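# Chains, contacts and geometry: an overview
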Amino acid sequence: MMAATADNELAERFVAKEVERVAATADRWAALPDKKKLEYLRAIRNATEACSKPWAEASAQERGTDGLPHVKKQVYGTGPALFAFALAAVTRTYEALAKTGKPPALRKRTVGEHVVIPVFPGSTSEKLLLPITAEVWLEPGKPATQGQCRKKTGVMGILSAGNFEAPTDVLYSMFVESRVVVYSRHANLARSNKYCDTIFKCLADEGFFATLEPGLPLATALTLHPKVDCLMMTGGHATYDKIVWGSDEAKAAGVKRVDKPFHAELGAVSPYIVVPWDGYSNKDVDVQAAALAGFKLLNASAVCASPQLVIVGKHWKQRDAFFEKVANCIENALEIPIFYSGTQERTDAAEKAYAGCKEVIKPRAKGSLKPVIIRGLTEADVPSFSLENEAFAPVLVELVLDCEDPKAFLEKVVRITNSDDVFGSLSCSMVLHPGAEKALGAQYLDDVLRRLEWGTVTLNNWAGMGPYMGAGVWGAFPKHTPSDIQSGMGFIGNSLMLDYPQKQVMRSPWNNMFLPKGGPTEREVCVYEPMTYFALKPGLWRLLKVGVAAAPQVCCGSRKVEKAKM
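The model shown is predicted, which means the values in this text are computed figures rather than measured ones.

In terms of burial, strand β10 (residues 309-313) is a largely internal element, 5 of the 5 residues being buried. Burial along β10 is two-sided: the residues Leu 309, Ile 311 and Gly 313 and Val 310 and Val 312 are all buried. Pairing geometry for strand β9 (residues 271-274) and β10, over 3 bridges, is parallel. Pairing of Ile 273 across the sheet is with Ile 311, part of β10. Regarding the hand of the β-α-β motif, the stretch spanning β9, helix α15 (residues 282-297) and β10 is right-handed. Direction of pairing for β10 relative to strand β13 (residues 395-401): parallel, over a ladder of 5 bridges. Bridging from a neighbouring strand, Ile 311 pairs with Leu 399 of β13.

Moving on to empty space enclosed by the protein. Overall, the coordinates contain 7 cavities of 30 Å³ or more when judged by the stated rule. One number sums up the size of the largest cavity: a volume of about 810 Å³. Leu 298, Trp 462, Met 465, Tyr 468 and Tyr 528 are, among the 43 residues lining the largest cavity, the residues nearest its centre. Broken down by secondary-structure element, the contributors of at least two residues to the lining of the largest cavity are α5 (75-78), α15, α22 (522-525), α23 (528-536) and α24 (540-550). Residue composition of the lining of the largest cavity, by class: 28 nonpolar, 12 polar and 3 charged. As for the second largest cavity, its lining consists of 16 residues, and the residues nearest its centre are Ala 86, Thr 168, Gly 470, Ile 492 and Gly 493. The leading source of residues in the lining of the second largest cavity is helix α8 (residues 168-176), at 4 residues. Considering only residue class, the lining of the second largest cavity consists of 10 nonpolar, 6 polar and no charged.

Turning our eyes to something else, we now look at the sheet that holds β10. Strand pairs in the sheet, formed through backbone hydrogen bonds, run parallel or antiparallel to each other. A sheet is described by the order of its strands in space; here 11 strands give the open sequence β1-β2-β3-β19-β15-β14-β9-β10-β13-β12-β11, paired in mixed fashion. The open sheet has two edge strands with one neighbour each: β1 (109-111) and β11 (359-361). Between one strand axis and the next, the sheet turns through 25 degrees on average, direction left out of account. Pairing between β9 and strand β14 (residues 427-431): 3 bridges, direction parallel. In the strand pairing of β14, Ile 273 is matched with Met 430.

Once that is clear, we can look at the packing of aromatic side chains. Each aromatic ring pair is characterised by the separation of its centres together with the angle its planes make. Applying the stated criterion across every chain yields a total of 19 aromatic pairs. Judged by centre distance (5.0 Å) and plane angle (50 degrees), the rings of Phe 200 and Phe 209 are tilted. Taking relative accessible area as the criterion, Phe 209 reaches 1% and is therefore assigned buried. Taken together, the ring pairs connect Trp 29, Tyr 40, Tyr 94, Phe 175 and Phe 208 into an aromatic cluster. Across the ring face of Trp 29, the terminal group of Lys 37 is positioned such that the distance to the ring centre comes to 4.5 Å. Its end group placed over the ring of Phe 339, Arg 63 keeps NZ or CZ at 4.4 Å from the ring centre.

Here the protein chain averages 93 in pLDDT, and 96% of its residues register 70 or above. Here residues 553-566 is a poorly scored stretch, pLDDT under 50, and it has 22 contacts once near neighbours within four places are set aside; other chains count.

With that settled, consider helix α13 (residues 237-244). Along α13, the positions that sit buried rather than exposed are Tyr 240, Asp 241, Ile 243 and Val 244. Within α13, the buried residues cover an arc of 165 degrees as seen down the axis, which keeps them to one side. The secondary structure elements touched by the buried residues of α13 are β4 (155-159), α12 (216-224), β7 (230-234), α14 (248-253) and β8 (262-265). Once α13 ends, the next one or two residues include Gly 246, with phi positive near 90 degrees.

Thresholds applied
- Residues numbered from 1 in each chain as written.
- Predicted model: local features only at pLDDT ≥ 70, side-chain atom pairs only at ≥ 80, totals over all residues.
- Heavy atoms only, no water.
- Buried < 20%, exposed > 50% of the residue type's maximum accessible area, 1.4 Å probe, protein only.
- Helix = DSSP H or I, 4+ residues; strand = E, 2+ residues; numbered from the N terminus.
- Pairing = 2+ DSSP bridges.
- Right-handed = clockwise from strand over helix to strand, strands pointing away.
- 1 Å grid on protein atoms, 1.4 Å probe; cavity = no way out; pocket = protein on both sides within 12 Å on 5 of 7 lines; lining within 4 Å.
- Points joined across faces, edges and corners; volume = space filled by probe spheres on them.
- Nonpolar A, V, L, I, M, F, W, Y, C, P; charged D, E, K, R; others polar.
- Axes fitted to C-alpha atoms, helices over the stretch in contact; angles between N-to-C directions.
- Phe/Tyr/Trp six-rings, centres within 6.5 Å; stacked < 30°, edge-to-face > 60°.
- Lys NZ or Arg CZ within 6 Å of the ring centre and 35° of its normal.
- pLDDT = per-residue confidence, 0-100.
- Contact = heavy atoms within 4.5 Å.
- Arc of directions from axis to C-beta.

Following this line, the structure appears as structure tokens:
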């Protein structure tokens, strides 16, 4: 006990010194001309380009990827590539600010009381890289004004994520808002997080930015320091509650341990909605099932947007074939190592909750990952365990709705997923066949998108691509409170500095070539590395490298070869 007390006191003294040093620069940072901040962004870009390769290698080592090149290459996607997209979007904004004194001009349309802002692609390079369009929907009745976020100054204390490496939260806090930052590194990614010191060296040298070594005493001291004006975290609701409330008794009494603005990006049960339609071909089913398997296996399912609640129609004739294909793709996937603690325990908890009453499928995945697919939940099972608890693990749960047509199905989806019976509001994904989309009509589909209370809604792709939309927003739908935090409060991204964002809506072409074809293979994930360098500094040669890596015929050929090796 005495040793623990001494450690805590030492941590408090060290954190106090760092916070006070950074806090002394807060006014200077807020008053810095935009042209100077643009210089910093360009220095960050150069530093990121120089360190991307060792940064990715450090990430791969932490994830136990020795002998697993298909996982080793993928870490570019959770670190350098993701950061590059965010950095490019913020840089475009500061180029406009430096030139005109204003953020970039907005395009817009209206849906009922919502102003809708197209945000992706925001450049020719983004259009070439990803087959996705994204819009930010503003709060109903609010105007498309910009820049209020820049008035938020002071010290931001950031508790970094333990499941992805890109410090996009630092970019948001310093360049979208106007705060200086003390950044607490997560123990799970301690080695790769050290590259934050390299990436943001130009800011640290001026005292605007500092990092803390991983450890609970240091992180705790950061949250409690009186000169830390605001907090930000990526994680789970239980961690948030420990920080803000300290105990269940204090939460019940409404007595906060930490009472300051707190931006939290937390998880959800992430609905994956397959809209029923008679027109799915066998190829459509194969493509979409393989995509779901690939999304689920990404990062060993340690993703806040990992698909969990798969909602389908009772009368969809290809439902069984779809889930059989998902299971087969998981079984045929190359090994994905577990790197996040508690993964197996959370998987076991979901299985136990439905053992003996629902069909539990256990695909024979390679290595330590032990996925489960729980089938046959109906509306009578709303709510139940896996609708109320984020697994953060390889768990898929089928919810079957008894509906005769797509419109009736979507009406039930909106009602159920918006309700308190389904945990969270971070992101949801929707598989919508072009025939069903045409039958529903654009006006009705916009109305469904308007009513879905999820921070990111994606059509024909995975909502986990949301953070790549640098000018978009990523965070919970604005309906949670500190006493019932669920998926959190606040958005990151928002490089256009919109004053009233409510959600992000993304769309992709049907069966687009970038959908995963099951679990990752080396050839399929090799696109992330050249994509990183092209996003940082676009050029024809770099674009050609992306094209070669992404060529669909190469990907298909590699899948056949690697299956033969298994």
